[in-house]
Amino acid sequence: MEKPRILILYFSGTGNTYFVSKFIQANLSGGNCDKADLFSIEDISGCDIAKYDFVILGFPIYGCEAPDILNEFIKGIKLVSLKKGFVFCTKAMYSGNAARNLIRRLRNIGFMILGYDEIVMPGSDGITFLNKNSSYMKKLSAKDFFRTKGLHEMVKKIQLLINSYRQAKEIRVAFNPVRFLMTSLFKIFIPITNRMKKKFYADDNCFQCGICIRICPQKNIIATNRKINFDNKCILCMRCINYCPNESIQIGGFTEGKARWKGPYDIYYSEVLLKK
Ligand SMILES: Cc1cc2nc3c(=O)[nH]c(=O)nc-3n(C[C@H](O)[C@H](O)[C@H](O)COP(=O)(O)O)c2cc1C
Ligand code: SF4
Ligand code: SF4
């Protein structure tokens, strides 16, 4: 029987979801399937989703939901015919109803999601407010991310589903009132995060390298009169503030001299962002 063709699609703001996606790609190869193709949803030129038998979709949790950029991407996918897939998220703590909502959206365009998992990774929302020498940052620099809890088990789970994907049944994530309530509670923070988006600026150390302009997934950063300005399309992915080579991007008065996070082992910049 022909080996199934596997696609891993991901969105990653700061590199955590990219790391997990790469880990899945590296560890799935062999056995019952060929090496999976890996694409960011920011650039799927040359990627024909229809030709794959099994699609793995990874994303970070933002405010107990999938990021808007992913929801927009899904809206743009042409209806697929009963395509099998697996969904995973990376999160700092709590994912609310993200899985249930996303799986329903995917079902509406013809995906049959066979499994779902969550991996706890460093919180990209909080790191730029922490001291560089805080115990949390020290722990991160000593951490072996290849031994992240649940990572190997998730790959095994995906491998099993791929081995039996023709017969495997779609999962249904049941309505969970506690998750529903918690997700609604998180919505209280929306005005705060909206205010945060307006507080981004480049300080006097900016040397106009243009990297932030290139890597912003929303094309939200523009240079006018040799000054970096932020528009109003920010999705708070935290990429620009973490990857500015001079740590010149700030959020209000809270982030100057504070920590920055470039995903596990800094691979996201050299392997993906640099090529943008
Ligand atoms: C704006 C924003 C909101 C977030 N909201 C949540 C959340 O509700 N629950 C959670 O567990 N993690 C939350 N996080 C943390 C990210 O989901 C987590 O750090 C993820 O691994 C980041 O992945 P990335 O590096 O691929 O962007 C949030 C991060 C950001 C930037
Ligand atoms: S990445 Fe930093 S230094 Fe480069 S243009 Fe943007 S703000 Fe300035
Ligand atoms: S402005 Fe920065 S935080 Fe906002 S979407 Fe662009 S890269 Fe992400």
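The sections below set out a description of the structure shown in this document. These numbers were taken from a predicted model, which means no experiment stands behind them. Position numbers for residues count from 1 along each chain, tracking the sequence in the order it is written. Chain labels run from A onward and ligand labels from 1 onward, assigned in the order the entries are written. Totals for whole chains, interfaces and linings use every residue, but because this is a predicted model, local features are given only for residues with pLDDT of at least 70 and side-chain atom pairs only at 80 or more, for both listing and counting.

Okay, the sheet that holds strand β2 (residues 37-40) next. With respect to topology, five strands assemble into an open sheet ordered β2-β1-β3-β4-β5, the strand pairing being parallel. Edge positions in the open sheet fall to β2 and β5 (111-120), since each of these has one partner strand only. Sheet twist, expressed as the average angle between the axes of neighbouring strands with direction ignored, equals 20°. Paired strands are those between which DSSP finds at least two bridges. We count a stretch as a helix when DSSP gives it H or I for four or more residues in a row; a strand needs E for two or more, and each element gets its number in order from the N terminus. Sheet topology note: the strand β4 (residues 83-91)/β5 ladder contains nine bridges and is parallel. Bridged to T90 within β5 is I119. What counts as an axis is a line fitted to C-alpha atoms, over the stretch in contact for a helix, and the angles between N-to-C directions run from 0 to 180 degrees.

The subject of this paragraph is unusual backbone geometry. Phi is positive for N225, close to 50°, though the residue is something other than glycine. Topologically, N225 is positioned in the loop between β7 (221-224) and β8 (227-230). Despite not being glycine, D266 shows a phi value in the positive range, around 55°. Inspection of the secondary structure assignment puts D266 in the loop between β9 (249-251) and α10 (267-271).

Working rule for contacts: place C-beta from the backbone, and if it is within 6 Å of a molecule or strand, that residue counts as near it. For ligand 3, the set of nearby residues contains 14 residues, the closest of which are C216, C234, C237, R239 and C240. Throughout this entry, Asp, Glu, Lys and Arg are counted as charged residues, while Ala, Val, Leu, Ile, Met, Phe, Trp, Tyr, Cys and Pro are counted as nonpolar. The remaining residues, Gly among them, count as polar. Its residues placed into classes, the shell around ligand 3 shows eleven nonpolar, two polar and one charged.

Another aspect to go through is the environment of P245. With respect to the helices and strands, P245 occurs in the loop between α9 (239-243) and β9. With 34 residues separating them along the chain, P245 and I211 place their C-alpha atoms 8.2 Å apart. Setting aside its immediate chain neighbours within four residues, P245 contacts C209 and I211. In this description, a residue-residue contact is defined by the distance between C-beta atoms placed from the backbone, which must lie within 7 Å.

Okay, the site of ligand 1 next. The full set close to ligand 1 counts 27 residues, and G13, N16, T17, P60 and T90 are the nearest of them. Listing elements by their share of the shell around ligand 1, those giving two or more residues are α1 (16-28) and β4. Looking at the shell around ligand 1 residue by residue, the class counts come to twelve nonpolar, 13 polar and two charged. Domain assignment of the residues forming the shell around ligand 1 places at least three in each of domain 1 (6-185) and domain 2 (188-275). An automatic or database domain assignment supplies the residue ranges for each domain.

This part takes up the packing of α1 against helix α5 (residues 151-163). In a pair of packed helices, the angle between the axes and the distance between the axes together describe the arrangement. Where α1 contacts α5, the axes come no closer than 10 Å and their chain directions differ by 55°. Overall, the two elements α1 and α5 adopt an arrangement that is oblique. Crossing of α1 over α5 shows right-handed handedness. Of the residues in α5, those touching α1 at V20, F23, I24, N27 and L28 are L151, V155, I158 and Q159. Along the lines of polarity and charge, the residues of the contact of α1 with α5 split into seven nonpolar, two polar and no charged. Geometric relationships in this document are graded by angle, where less than 35 degrees denotes roughly parallel, more than 145 denotes roughly antiparallel, 65 to 115 denotes roughly perpendicular, and other angles denote oblique. Crossing handedness follows the turn of the near helix against the far one: under a right angle anticlockwise gives a left-handed crossing, and clockwise gives a right-handed one.

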